[in-house]
Every structure is written in C-alpha cells, then in structure tokens.
Amino acid sequence: MEHKYIPKDVEQKWQSAWENEKTFKATVDSGKQKYYLLEMFPYPSGRIHMGHVRNYSIGDVIGRFKRMRGFNVMHPMGWDAFGMPAENAAIQNNSHPATWTHENIAYMRNQIKKLGFSYDWDRELATCDVGYYRWEQKLFLEMFAKGLAYKKTSFVNWCPKCETVLANEQVEDGCCWRCDSDVTQKELDQWFFRITDYADELLENTYKLPGWPERVLVMQRNWIGKSYGCEIDFPVENSGESIRVFTTRQDTVFGATFMSLAPEHPRALELTTPDRRETVIAFIDKIRKTDRIVRTADDFEKEGVFTGSYCSNPLTGTRMPIFLANFVLMDYGTGAVMAVPTHDQRDFEFAKKYDLPLTVVIQPSGVSLDPASMTEAYTEAGVMTNSGQFDGLPSGDAKEAIAEFLQNQGHGSKTVNFRLRDWGISRQRYWGNPIPVVYCDCCGVVPVPEKDLPVVLPKDVAFSGEGGSPLARMESFVNCSCPACGKAARRETDTMDTFVQSSWYFLRYCCPDFKDGILDRDAVDHWMSVDQYIGGIEHAVLHLLYARFFTKVLRDLGHISADEPFVNLLTQGMVIKDGAKMSKSKGNVVDPDALISKYGADTARLFSLFAAPPEKDLDWNDQGVEGSFRFLSRIWKLVHDRLELIKNAGQVDPGSLSAEERNLRRAVHKTIRKVSEDIEERFHFNTAIASIMELLNILQPAELSTPQFPAVMKEALQSVILLMAPFVPHITEELWQRLGNSTQLTQTSWPDYDRSAVVDEEILAIVQVNGKLRSKITVAAGIGENELKALALTDEKVAQFILGQTVRKVICVQGKLVNIVVG
C-alpha cells in the first residue's frame, strides 16, 4: 500500500494538537534547568518574509533540542508594535494605526503558527497595548526621579520625510535608517536618557560576554569610544573666557597654531566679530544641512570660516585664529579642537587650504621634517622638538609628562572622554508611548503622578498628513491640570522612541500578566538572563546596546538582579536571491505562504536551515527547496516501507550482532554523535542535516536476513526521526506515532549514542602528568576533547590522572586522539 506524504494534513493535525494541549507553555519548574530562548520580536508590517522564517526556524531547532535534552524551555513571541510605518499607513489608507497594527498582528500570528514554531503564546505581548506601555511610563518616572531622564535643547538629527528626530544610532551613512532620506540638523527641546552614566560598565562588560560574536562587541566598544587624554583651556583674546578642548594628543600641544570649532558650538556666534557675522551665519546654515557622517569622512573636502576672534596657546603664547570647521562635531569631546596641522591630516588639509602656519613638534627617528616641504601630516610616534622642556623625550612619554604639567599649571586636567552620547528619545509622532510629563507656567516640568498612569494614547485623532504629531493639535489631549498646583497646564505631545519598548520587552515576557508593578521580580530572576538571543547584526549598536543599558537601569532601580540581558547571541545572515537581499523593490521576494501551500512548513524550515550555516547569508535556490521536499518524502517512504519489517522487533542486543549489523548500527550512532555535536556546540544545522541525509543513503538500500536486522532497522528509523524532530517537527511527530509510540516527540528524550557502537578501532593513548609518563590506556579512536571528562568518570586508569586536574592538552591528528596531557 502506497502512503503518500501530504504535508498539509500532517501539519494541521500536529499544530492543532500542540495548541490544544498547550505543549509549549512554560511554567517555573525547580526540578529542571531553565532555558530562556528568544528571537528578536518582529514589527507587524503585515506579512512575514523568508528572513523571519529563517530566524525563527533557527530558534525553534534550539528550543526543541533543549526541550528534548531535559531543559525547561521558555520560548515567547510578541510584537514591536509602535512605530512610524503604522502612522504613515493610516494617512495613506485613511485608517487608524491601531487598526492597521492589530490586523497585521492577527495575520502574521496566523502565518507564524502555520510554521509550527514552539512558542508559548500565553506570553504574547504587543508594545502598543496599554497593559505594556503603562509600565514603561512608570519606568520613565523612576528614571526621571533619579536624573536618568532629562530634557535639554540640542541639535538633533532630523528626518524631513518622517518629520521626526533620530538618535545617532539611527542615522546610517547620513540617511534615516527607516526611509533612507538625507538627515539634517535641527535645534529642538528633547528628552534624553542618560546612557552615558553607564558608559564604563557597558564597555567593561563587553569583555565578559564570551557568548557574543566578537564583531558585535567590537562595534559596541567603538561606539562607546572610550579615550584617555586631557582637557586644555585656551584663553580667548580680550576676554576673561577660555575655549576648552579635549585631546588625546597633548604631546602635540606646542604645535597648535589655530582653533577649530564645530559650527553647532554654542559659542560660535558669540566669538564672531560683527564684520564676519553674515559669512559665519551662512556657513553654519550650510553645514546644518550636511550629514555628520559625511562631514567626518576622510575624503570630504575640509571647509571653514574665520570668526574674526583669536585665542592663545597656553604653553607657547601663540596667537591662534578661531575658525568654524565642517569636520568638527559637537558629538565628540567639547566641540572644539586645537589644530595641529603637522600632526593631524584633517588639520593639515585645512591649514594648507587657508594658508595657516605649521610647526613641527614631533620628529621621526633619523629624519628631520620641514613644514615647508611636508605633503601630509606626520601622525606616528617620534621624538619631541620645539616643545620647550620636553624636547628630546619620546612622544609617548611626553604625553604623560605634558598632561601632568598642564594640570599643575592650571591649564587643564587629565580626563576620560566617551564617543557615546545620551540617548535622545523624543519623537514628534503620534503612534508611540506618550511621555508622562506636563508643563505648567508656575511649576515648570511636572511628572504625571503614578496614580494617574497610564497616560493613554487617544484613539480619536485626525491624520491629515500635515507636519508634526497630530497629538499637538488635539486640544482634549494637550490641555490638562497641573498635578502640583491644579492650574492649567499642557501635556507633553512627544512620544518615546520605539527602541525604548524593545529595550525591556524580554523582561516583561517573564511576567506578561503581572499587574502590580513593572516586573514580577521573582519570575524575572528565575528566567533571566536570556540564554540564547537571535537576531540581525544590524542591531549591534541600536537595540542591543539599549537593551544592555535598560537591564542595568532596572537592576539599579531594584526591579531585577541580572547585569546583562543576553548570555549568548547569534546574529543570523540575510536571505539572498539573485545576488541581492530579498525585497519588494527588487522583485525577488519569495512568499512564505505560497511556499508552505506547495511544499509544507517542514520543507520551508528544512531548506532555510540546510542551505547555509545560521551566521552566513542564505542564497535562495528553488532547486534546493525541491530537494528538501524530496528528502522528506524519502524519509516518509522509508518508514512506511519498513513498518512491516520492524513491527515485532525488540531491542538490539549489541553483543550478538553480525558484522553487517554492527556496521549498520555504527553508522546510526556516529550520526547521533555528529548531529548532537553540531547542534549543541556549533549550531551547524546544515552539516547536521547533511549527516542525516548520508545515513538515509545507507539505510534505504540495506537488506539483511540476519536475526537482529529488524531490531537494528527499528533503532535506526527511530533515531532518524528523533534527530530530525527539531528541524521538521510535523512529519517526525506523525512518523513517530506511526511507529507505535504513544508519547509525543516533544516529551521524548534526545537519543544518546552508544560509545561502544562507534568504535572503528582502538588506539594506545599516552597519559602524561607534568611531562612524565604515568599511564598507557586503550581508548576508542576518534574520541575528542569534549569526551575526556565522561571517560574519566568511567575508566579508573584515566580518573586517577585526570580527575581533579586540568587537561592542558589533547593531541589529536585528524580528529583522532593520540595523546592526553594533564597537569
């Protein structure tokens, strides 16, 4: 009788069973080790794409594998639901952002459920629900009380298309991260979170996250940008004021010949003489329209304007003209730079353009630099010259000596600077979390009392497409009473950056129904930190940095114990088709619904896992999808073809196997070992699947008339199903049941390989302690370093030398152990 594999029937059956039985509901179980697994939650844009399928399939393999390994797995899902696309869609479609968002959530939830992911849907949350954002408002008030939330006037990144502010991290190559429009500068009153208070800890802890990709950690270290140097005061001529600069090159201060200020510097116009005012203002306006990233590019033409004022070098007395320069930013240091053109390339280009003086103060060994003939700045170490009492010192030594001298003379001080700036969270849009403060003419800025929370985002707003937030035009929302004095007041109409919501959602998953506070500390302390987090590399200095910051804030406010949110981080690659990332604009999108309808969810999952390792880009291939479906069909057919053979088979008796049976069983148990290692240690799902395919090629033609062949084949087929279960859960559950098993795979243990079954041969291993021969033992060829401890527990000879000591070296040749060195 032919048994045809029909994915739709199988998948609907098991998805219904898992949902009805709440198979993946996570509860606290002190008898099991917890495992908190999480993929970055999606924005409900309307449809999932193959990037989602791949990301969630990766997580699902880990979750199902860990569950079969005996862990108590929590694997939640939710929605990053506030944001500008919903507001833009409301304007375009004459609908409401809430309607658009919730319709999209419903559609995407259904799509995700069709893929059979092991989510605990009872923990589902959406950040646009008042039950979520009310607690974020309370957190804002606690941060405000501690001085971690504050308001100030500043130049901000402004996206004219989105009509809102962007954090520095949201500007990518001078463009809005969301719409790719050119970003300009605008001066506004903004709310900020004082992330700089945590700069040191955020930096130091990047060296305590061994489970994170080094690439991400380096990106965060560079973004935080800690540097050691000096602040130096340069007296302004005919004034009792000074200009303070920060520099890491105080060894070059004797060569400073002019001063460069950022066009945004608050004293730019104050230092401008009347005859230069019109020119300076025109220059400032021009630079405000230029992207910051572009301004600091090496190949960007250096431009400036003389203010008409001068300052003096505190160590040489040199009269230094004060310029505004397009390459100087307020974001770093003090927004003022002592210009040393002989030893900084940007200053050199600027000085050459405007005919400014050059003074060499560091000479390379064996060479005498002449300013008149220099074609570029000399930026390496050397010997001090033209630097008074410091002449002759190596420039590295002079850094510390000059720093001490400046400090002793009252001209400056040693200090530490960070590139990281406080996080601007104000957004001039409607669809976000209202900032819970009011403005009173008598009392100033007044926080909304906790008893009056939440400040609910009103639903009855008009979306006209006009600039700014519709909240600002809604009198019923804006006008209110001051909580302090009772007089008329105005409500804040800015909403919070959507990255605020995604900075703590993983904590709320631990207690989504908790109604007595921001977090249920007992629940959070049980589940946190997240054991495995999965998402894109593009969030390295956005979401991932903010989430680390929020975790530390919530810890210091007494809500949680965790120091870091994510123990391990996997950054998956993109899905590529026709040489480019899938996108509607490129016309290379593969619709997951169509794929599932034709081939089934298991095929979609299998291809996304088999085509490339998780951290690499996946190159879409239609033939590969067909191949994945054929492989599943082969498994289906093999099991059904062998049902009659194995229906009465008992357990394998390893001691009485024939040579052919032993070879067949060896292939099975080698595959169990390989798949277990590939999933557990490396997340190399593609090679794990490949090894199962190789095993199937061995099993399919196997025909023996030996006594234990049915038992060996039964064990083999059960092993294939168990090993494939995390990758393709629907077909494996069905086949497991058809083999006569009453317990679901979700409640079945992962198979252990039989050590004796995988022995090809035995070799003599030499055990050395501190270089001296202590023992010779016979071990299985192919044993690896990870198996030494297990061996130590079962072999007295090895235990004598390994237990209680550190394994210093395991010598292997092509994966074969030939020597153990301990001591």
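The following paragraphs examine the structure supplied in this document. (Residues numbered from 1 in each chain as written. Predicted model: local features only at pLDDT ≥ 70, side-chain atom pairs only at ≥ 80, totals over all residues. Heavy atoms only, no water.)

Details of the overall build of the protein
- A tally of helices and strands in the protein yields 25 helices and 32 strands.
- Every one of the 823 residues in the protein was classed for burial, and the buried ones make up 56%.
- In the protein, once contacts between residues fewer than 6 apart in sequence are set aside, the share between residues at least 24 apart is 73%.
- Of the side chains in the protein, 93 bear a positive and 109 a negative charge, and the two mean positions are spaced by 3 Å. (Helix = DSSP H or I, 4+ residues; strand = E, 2+ residues; numbered from the N terminus. Buried < 20%, exposed > 50% of the residue type's maximum accessible area, 1.4 Å probe, protein only. Contact = heavy atoms within 4.5 Å. Lys, Arg positive; Asp, Glu negative; His and termini not counted. Charge placed at Lys NZ, Arg CZ, Asp CG, Glu CD.)

Topic: the sheet that holds strand β17 (residues 423–424)
- Strand order in the open sheet formed by four strands is β4-β3-β7-β17, with antiparallel pairing between adjacent strands. Edge positions in the sheet fall to β4 (164–166) and β17, since each has one partner strand and no second.
- Sheet analysis places strand β7 (residues 184–193) next to β17, joined by two bridges and oriented antiparallel. Residue Phe 192 lies in a different strand from β17, and its bridge partner there is Gly 424. (Pairing = 2+ DSSP bridges.)

Here's the deal with the sheet that holds strand β2 (residues 72–74)
- Taken in spatial order, the four strands of this open sheet run β2-β1-β24-β25, and their pairing is parallel. The open sheet has two edge strands, β2 and β25 (569–571), and neither has a second partner. The average angle at which neighbouring strand axes cross in this sheet is 15°, direction not considered.
- One ladder, built from three bridges, connects strand β1 (residues 34–39) with strand β24 (residues 532–535); its direction is parallel. Its bridge partner being in β24, Leu 37 is matched across the sheet by Gln 532.
- Sitting on the sheet, helix α2 (residues 50–68) touches β1, β2, β24 and β25, and the angle it makes with β1 is about 170°. (Axes fitted to C-alpha atoms, helices over the stretch in contact; angles between N-to-C directions.)

Description of the pattern of salt bridges
- Summed over the entire model, instances satisfying the criterion amount to 47 salt bridges.
- Across the pair Lys 22 and Asp 122 runs a salt bridge whose closest N-O atoms are separated by 3.1 Å. One end of the pair, Lys 22, is in the loop between α1 (7–20) and β1; the other, Asp 122, is in the loop between α4 (97–113) and α5 (130–145), and 100 residues separate them in sequence.
- Relative accessible area serves as the criterion here: at 45%, Lys 22 is assigned to the partly exposed category.
- Look at Asp 122 and you get partly exposed, because its relative accessible area is 33%.
- One salt bridge in this structure joins Glu 644 and Lys 647, with 2.8 Å as the shortest N-O distance.
- Judged by relative accessible area, which is 57%, Glu 644 ranks as exposed.
- For Lys 647, a relative accessible area of 51% gives the class exposed.
- In the salt-bridge network here, residues are joined through shared partners; they are Glu 201, Arg 548, Lys 552, Arg 555, Asp 556, Asp 563 and Glu 564. (Salt bridge = Lys/Arg side-chain N within 4 Å of Asp/Glu carboxyl O.)

Examining the packing of helix α22 (residues 709–724) against helix α23 (residues 729–738)
- Between α22 and α23, whose axes approach to 9 Å, the crossing angle comes to 150°. Our classification of the angle between α22 and α23 gives roughly antiparallel. Taken as a pair, α22 and α23 cross one another with a handedness that is left-handed. Together, Gln 718, Ile 721, Leu 722 and Met 724 of α22 and Thr 732, Leu 735 and Trp 736 of α23 make up the contact between the two elements.
- Here the contact of α22 with α23 is built from residues that sort into five nonpolar, two polar and no charged. (Parallel < 35°, antiparallel > 145°, perpendicular 65-115°, else oblique. Left-handed = near helix turned anticlockwise from the far one by under 90°. Nonpolar A, V, L, I, M, F, W, Y, C, P; charged D, E, K, R; others polar.)

As for the pairing of strand β11 (residues 304–312)
- The sheet contact formed by β11 and strand β12 (residues 319–325) spans six bridges and is antiparallel. If you follow Cys 311 over to β12, its bridge partner there is Met 320.
- Once β11 ends, the chain turns through six residues before running back antiparallel as β12, passing Gly 317 with a positive phi of about 75°.

Points about α4
- The terminal C-alpha atoms of α4, which comprises 17 residues, lie 24 Å apart, in line with the 24 Å expected from a rise of 1.5 Å per residue.
- Residues of α4 that are buried sit in contact with α2, α3 (84–93) and α17 (592–599). (Expected span 1.5 Å × (residues − 1).)

Some remarks on the environment of Val 294
- Relative to the assigned elements, Val 294 resides in helix α9 (residues 292–295).
- Residue Val 294 is classed as partly exposed on the basis of its relative accessible area, which comes to 35%.
- In this structure the C-alpha to C-alpha distance between Val 294 and Asp 173, which are 121 residues apart in sequence, comes to 7.3 Å.

Brief notes about the packing of helix α19 (residues 622–646) against α22
- At their nearest, the axes of α19 and α22 sit 10 Å apart, and the two run at 150° to each other. Between α19 and α22, the interaxial angle falls into the category roughly antiparallel. Every pair of crossing elements has a handedness; the one defined by α19 and α22 is left-handed. Listed contacts from α22 to Phe 631, Leu 632, Ile 635, Leu 638, Val 639, Arg 642, Leu 645 and Ile 646 of α19 are Phe 709, Pro 710, Met 713, Lys 714, Leu 717, Val 720, Ile 721 and Met 724.
- In terms of residue class, the contact of α19 with α22 is made up of 14 nonpolar, no polar and two charged.

Focus on the side chain of Asn 686
- Within the element layout of this structure, Asn 686 appears in helix α21 (residues 685–699).
- Apart from the residues within four sequence positions on either side, Asn 686 is in contact with Leu 609, Phe 610, Ala 612 and Pro 613.

Regarding unusual backbone geometry
- Between Leu 453 and Pro 454 the backbone carries a cis peptide bond, its omega angle lying at 0°.
- Within the fold, Pro 454 resides in the loop between β20 (444–447) and α12 (475–478).
- With an omega of 5°, the peptide bond running from Met 528 to Ser 529 counts as cis.
- Tracing the sequence through the fold places Ser 529 in the loop between α15 (521–527) and β24.
- We note that Asp 355 has phi near 55°; this positive angle belongs to a residue other than glycine.
- Structurally, the position occupied by Asp 355 is in the loop between α10 (345–354) and β14 (362–363).
- Despite not being glycine, Asn 386 has its phi angle at roughly 50°, a positive value.
- Within the fold, Asn 386 resides in the loop between β15 (383–384) and α11 (395–409).

A look at a negative patch on the surface
- Judged by side-chain charge, Asp 578, Asp 617, Asp 619, Asp 622 and Glu 626 come together as a negatively charged surface patch.
- Here Glu 626 is to be found in helix α19. (Patch = residues over 30% accessible without salt bridge, like charges linked within 9 Å, V, L, I, M, F, W, Y side chains within 5 Å. Areas by Shrake-Rupley, 256 points an atom, 1.4 Å probe, with all protein chains shown as cover.)

Brief notes about the packing of aromatic side chains
- In the structure shown here, the tally under the stated rule is 45 aromatic pairs.
- Ring geometry for Trp 423 versus Phe 549: centroids 6.4 Å apart, planes at 65°, classification edge-to-face. Placement of Trp 423 in strand β17 and of Phe 549 in helix α16 (residues 543–556) is noted, with a sequence separation of 126 residues between them.
- Judged by relative accessible area, Trp 423 falls into the buried class, the value being 1%.
- Residue Phe 549 is classed as buried on the basis of its relative accessible area of 0%.
- Aromatic pair Tyr 505 and Tyr 509: ring centres 5.4 Å apart, planes at 75°, arrangement edge-to-face.
- Owing to a relative accessible area of 1%, Tyr 505 belongs among the buried residues under this scheme.
- Ring pairs connect the aromatic residues Phe 140, Phe 144, Trp 191, Phe 193, Tyr 198, Trp 423, Phe 499, Tyr 546, Phe 549 and Phe 550, which therefore count as one cluster.
- Sitting over the face of the ring of Tyr 107, Arg 47 holds its NZ or CZ atom 3.7 Å from the ring centroid.
- The residue whose ring lies beneath Arg 419 is Trp 223, and the NZ or CZ to ring-centre distance is 4.1 Å. (Phe/Tyr/Trp six-rings, centres within 6.5 Å; stacked < 30°, edge-to-face > 60°. Lys NZ or Arg CZ within 6 Å of the ring centre and 35° of its normal.)

As for the side chain of Gln 572
- Its location among the elements puts Gln 572 in the loop between β25 and β26 (575–577).
- The buried category is assigned to Gln 572, whose relative accessible area is 14%.
- Look past the residues within four positions of Gln 572 in its chain and what remains in contact with it is Asn 55, Ile 58, Ile 534, Gly 535, Gly 536, Pro 614 and Glu 615.

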